[in-house]
Amino acid sequence: MNSFTYHMPTKLFVGDLCGYIDEFKGFGKNAFIVTGKSSAKNGALKDLTFILDKLDIKYTVFDETEENPSVANIETAASKAKATCADFVIGLGGGSPLDASKAVAFLAANPSLEVIDLFTPKNISALPLLAIPTTAGTGSDTTPYSVLTCHDKGTKQVISNFLFPAKAFLCAGYMEDMPDSVTLSTAIDAFCHIIEGYLATKSTYMSDLIAEGALRGFAECLPAIVGRNFPRDIREKLIVLSAMGGVVIAQTKTSLPHQMSYALTYHKNIPHGFATAVFLHGFLNIHKNKEKVSKVLKCLDVSDLASFKELIDKIILPDLKSQGYAFTKEDVAAYAGALAAAPERLANYPYPISLDEITQIYDSGISNITL
Ligand code: NAP
Ligand code: FE
């Protein structure tokens, strides 16, 4: 067995948020909440502010987090956090507010730094961070990563300074009124994390066992996902599986489908999970470790790659095909060329891969979602 390390320091609390009031003690008397607009509608912000009021903790709410938050959006949030002299940061919402909260926690603790500085590894600390995910997908609650949209680079990029939340609260109750398209796109993101982490260069014996367990858990949820039927017990399983996906990629990082997806989200605004799943079949098809690919199918109780594609198509195509996305040959050539020219973005695929092969995965994924 190869040597490896394992580090996932986030303490998880699963179930009703208001059952964990005491867990918010000990971080200071002034909180900065980074969220979006939906937390005011799904009850999460009300529960959180109830808890903070009860503990006599002051708070400021920044609810302007963009989807796929941009550098400028983080700059705005961070300047507010600095102005309030926050003691700690709470990320509340989907992956966008959670990722934003990590960058804000660094910047509020290091007032001389700008967002752009976070893209260079630095020996810096951050304000303590708590995470309350309201989507079951990104696993940002159990990863140290923060993905930001960089308009100057024309893509999304992970910041180079890593921060795990100290605690994360997984409460499925906030997802009851979530539109099916968000439930599906976020669930398939978690599914991609598990598969990509399992087939990544940095996968380990331990991350593989976690991934195999999570894939079996997903197999239990797939009929509900395909049937777009999300009773409470399925949502409870999905938020735990999302956190498990985070645990896997916290060790392994993601692989080709995530790297390929960034162009689709940046240029065509395709939701993150759907954009990633577009390339999942192509990734499994090209992957040279056939034994591990077979194991993925076995854990999912799927007979072969054709049936796997059918399954993914049932989940993603109804939403994607109805949008009428259009791509030119030049688009595909530009996306593939940019990825092939960035070896660091390919490093987590364990084998050499050519521009032709990348183009082939882009071509087959994109032609599948266009009319
Ligand atoms: P999101 O962008 O956070 O949210 C998608 C949409 O769902 C938004 O309109 C949001 O509204 C809404 N929403 C959130 N919670 C809801 C709820 N409970 N009920 C109803 N609507 C709700 O989407 P996401 O897929 O969770 O996160 C995507 C981001 O995470 C991307 O930037 C991606 O790159 C990143 N990501 C990070 C990691 C990591 O390891 N850190 C891993 C994968 C992906 P509001 O925003 O207005 O609240
Ligand atoms: Fe993701």
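What you see is a predicted model; the values in this text were computed from it and never measured.

(A) Quick look at the site of ligand 1. Neighbouring ligand 1 are 28 residues, the closest being Ser38, Gly95, Ser96, Thr135 and Thr143. Take asparagine 68: an N or O atom from its side chain is 3.1 Å from an oxygen atom of ligand 1. Take lysine 156: an N or O atom from its side chain is 2.8 Å from an oxygen atom of ligand 1. Relative to its unbound accessible area of 940 Å², ligand 1 is 88% covered by the protein chains. Those elements that place two or more of their residues in the shell around ligand 1 are helix 3 (95-109) and helix 4 (180-198). At five residues, the largest contribution of residues to the shell around ligand 1 is made by helix 3. Among the residues making up the shell around ligand 1, the classes are represented as seven nonpolar, 15 polar and six charged.

(B) The packing of aromatic side chains, seen in detail. Counted under the stated rule, the structure contains 13 aromatic pairs. Centre to centre, the rings of tyrosine 20 and phenylalanine 169 are 6.2 Å apart; their planes meet at 50°, and the pair counts as tilted. Taken together, the residues tyrosine 20 in the loop between strand 1 (11-14) and strand 2 (30-35) and phenylalanine 169 in strand 8 (residues 167-170) connect sequence positions 149 residues apart. By relative accessible area, tyrosine 20 is classed as partly exposed at 23%. Exposure remark for phenylalanine 169: the relative accessible area of 0% places this residue in the buried category. An aromatic cluster is present here, built from Phe13, Tyr20, Phe24 and Phe169 joined pairwise through their rings. The positively charged end of lysine 153 is found above the aromatic ring belonging to phenylalanine 119, 4.5 Å away from the centroid.

(C) Broad picture of the nonpolar core. Core analysis: the largest hydrophobic core is formed by 80 residues, its most contacted members being Phe191, Ile225, Leu264, Phe308, Ile316 and Tyr362. Those residues in contact with leucine 264 that sit more than four places away from it in its chain are Asn269, Ile270, Ala275, Val278, Phe279, Phe327, Tyr335, Tyr362 and Ile366. By size, the runner-up hydrophobic cluster in this structure holds 27 residues, among which are Phe106, Ala108, Leu127 and Cys150.

The rules behind the values
Per-chain numbering applies: the sequence of each chain, read as written, is numbered from 1 onward. Key to labels: chains lettered from A, ligands numbered from 1, both in the order written. Per-residue local features of the predicted model are confined to residues with pLDDT of at least 70, and side-chain atom pairs are confined, for both listing and counting, to 80 or more; whole-chain, interface and lining totals are unaffected and use all residues. Think of the side-chain values as coming from all heavy atoms in the structure, minus any hydrogens and water. A single heavy atom is enough: if one lies within 4 Å of a molecule or strand, its residue is considered near that molecule or strand. Counting of polar contacts relies on pairs of N or O atoms within 3.5 Å, with two restrictions inside protein: one atom must be capable of donating a hydrogen and the other of accepting it, and residues adjacent in sequence are counted only when both atoms are side-chain atoms. With residues, only the protein chains shown are counted as cover, and all accessible areas are computed by Shrake-Rupley using a 1.4 Å probe. The numbering of helices and of strands both runs from the N terminus, where a helix is a DSSP run of H or I of at least 4 residues and a strand a run of E of at least 2. Put simply, Ala, Val, Leu, Ile, Met, Phe, Trp, Tyr, Cys and Pro go in the nonpolar bin, Asp, Glu, Lys and Arg in the charged bin, and everything else, Gly too, in the polar bin. Aromatic rings from Phe, Tyr and Trp, with only the six-membered ring used for Trp, were paired whenever their centres fell within 6.5 Å, and each pair was classed as stacked if the ring planes differed by under 30 degrees, edge-to-face if by over 60, and tilted otherwise. Here's how the labels work: a residue is buried when its accessible area is under 20% of the maximum for its type, exposed when over 50%, partly exposed in between, all with a 1.4 Å probe on protein chains only. When the NZ atom of lysine or the CZ atom of arginine is within 6 Å of a ring's centre and also within 35 degrees of its normal, the charge is said to sit over that ring. For this analysis, a nonpolar core means a set of buried residues of the types Ala, Val, Leu, Ile, Met, Phe, Trp, Tyr and Cys, connected via side-chain atoms within 4.5 Å. In what follows, residue pairs with any heavy atoms lying within 4.5 Å of each other are defined as contacts.

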